[in-house]
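# Fold and geometry: a report
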Amino acid sequence: MWTVVSSSGVPATERFDWFADMVAREVVPTVISSECPARFQAEAAVLDLGGLRMSRLAYLPLRSRRTPALIRRSDPEQYQLALVTKSSMALSQQDNDCAATTGDLVMWDTSRPWLAQSQAQGGMGELVVLQLPRSALPLSARQIERLLARRIPGGQGMAAMLASFMKSLVDNGDRCTPQELGRLGTIAAELAAACLAQHLDIEEDLPAEVRATALLRQIHIFIDHRLGDPELAPSVIAAHHNMSLRALHQLFHGTSESVQARIRRRRLEQCRADLARPGLRAPIQAIAARWGFSRPAVFSRTFREAYGLSPSEFRALKIKELCAEGKPR
């Protein structure tokens, strides 16, 4: 569960110092300065992912400096990989400089000095930071050094998948149990490793299990984007990812479901969500077709097997529940 704190409950004269103390405690000690500390505002949230953590920060423009003295005093020995979700930031570390904007990823090392500056123009800047112990990444320090304070565009490849995953944790972290969050932390570390390796063009250096997890996540995203295509099938997925059908089935062998079962479950979940949605009056057959079920009889039978009710019975039950709660249908 996200632990959320906000400067709104802190006296205005104390907000800047409150934020600096919170960052030092939850992220890493830095020297923070602001042109307008008296009007400073910020919010922060922390999510425990087992062996690593994720921080969500929103703040008015500021400058952050990690000094050698602070490193000697306190160093978590982490790589911190940030997704810029609003505005932009500039970062300097290890003779590298970069400017990252909304949608970009950027990384720094807590064991080395850095200088960072948010460049929100008249508004709040926002970051989501994945705090990775060095042992969580199966890459050498020399390899990772090449990416410190380098902009990693988040719009394609593994970077896009990692950014999407981090956003999904922001949106859904509160719905997960500690055990689930621990598993998601492992996935986050593996996706981060795959993203960095792809950016360095050293994907073959990753352990086989990390490559497999990243590929599986990529296939999951592909399936979700193509659910509405009635022709979506294992052969289509294998061809798109330049792999044999046998290799695809082997990849899913270690999971709880087959490729076809994954497609069927995700289609049913989307249909179920639409049938339960207040105000959506689309015919049941139209909802089924929207999510790739081309034959109504097959959809009805499959839905009943999964949920114990026919689609029409499920929709009627949800309408009844909404009426009992006094909500508009």
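Refer to the preceding data block for the structure.
Now for a quick tour of the structure. (Residues numbered from 1 in each chain as written. Predicted model: local features only at pLDDT ≥ 70, side-chain atom pairs only at ≥ 80, totals over all residues. Heavy atoms only, no water.)

## Some details on the side chain of Arg66
Here Arg66 is to be found in strand β5 (residues 63–66). Polar side-chain contacts of Arg66 include one of 2.7 Å to the backbone oxygen of Ser74. (Helix = DSSP H or I, 4+ residues; strand = E, 2+ residues; numbered from the N terminus. Polar contact = N/O pair within 3.5 Å; in protein donor to acceptor, adjacent residues only side chain to side chain.)

## Focus on the sheet that holds strand β7 (residues 88–93)
Each strand in a sheet pairs with its neighbour through backbone hydrogen bonds, running either in the same direction (parallel) or in the opposite one (antiparallel). Taken in spatial order, the five strands of this open sheet run β2-β5-β10-β7-β8, and their pairing is antiparallel. At either end of the open sheet lies a strand with only one pairing partner, and these are β2 (31–33) and β8 (96–101). Between one strand and the next, the sheet's axes are offset by a mean angle of 15°, whatever the strand orientation. In terms of strand pairing, β7 meets strand β10 (residues 114–118) through four bridges, oriented antiparallel. Bridge assignment links Met89 to a residue of β10, and that residue is Ser118. (Pairing = 2+ DSSP bridges. Axes fitted to C-alpha atoms, helices over the stretch in contact; angles between N-to-C directions.)

## A word on empty space enclosed by the protein
Applying the stated criterion across every chain yields a total of one cavity of 30 Å³ or more. In this structure, the largest cavity spans a volume of roughly 270 Å³. Lining of the largest cavity is provided by 20 residues; of these, Leu57, Ser64, Trp108, Ala116 and Leu127 occupy positions nearest its centre. Among the elements of the structure, α1 (15–26), β4 (52–59), β7, β10 and β11 (125–133) are those that each provide at least two residues to the lining of the largest cavity. Looking at the lining of the largest cavity, the element that brings in the most residues is β10, giving four residues. Looking at the lining of the largest cavity residue by residue, the classes come out as 15 nonpolar, five polar and no charged. (1 Å grid on protein atoms, 1.4 Å probe; cavity = no way out; pocket = protein on both sides within 12 Å on 5 of 7 lines; lining within 4 Å. Points joined across faces, edges and corners; volume = space filled by probe spheres on them. Nonpolar A, V, L, I, M, F, W, Y, C, P; charged D, E, K, R; others polar.)

## As for the packing of helix α4 (residues 157–172) against helix α5 (residues 178–200)
Running from N to C, α4 and α5 cross one another at 155°; their axes reach a closest spacing of 8 Å. When the axis of α4 is compared with that of α5, the two are roughly antiparallel. Handedness of the α4/α5 crossing: left-handed. Here Gly157, Met158, Ala159, Met161, Leu162, Phe165 and Leu169 of α4 come into contact with α5, specifically with Leu184, Ile187, Ala188, Leu191, Ala192, Ala194, Cys195 and Gln198. (Parallel < 35°, antiparallel > 145°, perpendicular 65-115°, else oblique. Left-handed = near helix turned anticlockwise from the far one by under 90°. Contact = heavy atoms within 4.5 Å.)

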